[in-house]
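The primary structure of each chain is shown beneath.
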Amino acid sequence: YSEKTYVNSLLLFDRWGQMLFSKDDFVLNTFEGWDGISRGKALSSNVYTYVAVLTLADGTKKRIKGDVTLLR
């Protein structure tokens, strides 16, 4: 994805499907990132899933999903 990719939404979930984090409306690579905190508490090392809706430089919308490993 290019620097001109726009992130419409980014959602992060635990393994039970509970939403832990969300961030909307930012340009890719301008967001500092998730700090591993949810609802004021540091989460434990684990694998978390994400879903994001992107608008690519050519205007195409794309939904991506995957996982991220949090290490403490």
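Scroll up to find the structure this text is about.
None of the values given here were measured: they were computed from a predicted structure. (Residues numbered from 1 in each chain as written. Predicted model: local features only at pLDDT ≥ 70, side-chain atom pairs only at ≥ 80, totals over all residues. Heavy atoms only, no water.)

Undergrad: Where do I start with the nonpolar core in this structure?
TA: V7, L10, L12, L20, F21, F26, L43, Y48, A52, L54, I64 and L70 form the largest nonpolar core, which has twelve residues in total. Of all the secondary structure elements, the ones that give two or more residues to this core are β1 (6-13), β2 (19-27), β5 (46-55) and β6 (61-70). (Core = buried A, V, L, I, M, F, W, Y, C linked by side-chain atoms within 4.5 Å. Buried < 20%, exposed > 50% of the residue type's maximum accessible area, 1.4 Å probe, protein only. Helix = DSSP H or I, 4+ residues; strand = E, 2+ residues; numbered from the N terminus.)

Undergrad: How do you make sense of the packing of aromatic side chains when you look at a structure like this?
TA: Note on aromatic pairs: each is described by the distance of the centres and the angle between the planes. Considering all chains together, one arrives at one aromatic pair under this definition. Taking 5.6 Å as the distance between ring centres and 75 degrees as the angle between the ring planes, the aromatic pair formed by W34 and Y48 counts as edge-to-face. Of this pair, W34 sits in the loop between β2 and β3 (37-38) while Y48 sits in strand β5, and the two are 14 residues apart along the sequence. Overall, the relative accessible area of 5% leaves Y48 in the buried class. (Phe/Tyr/Trp six-rings, centres within 6.5 Å; stacked < 30°, edge-to-face > 60°.)

The values reported here are purely geometric and, on their own, carry no functional implication.
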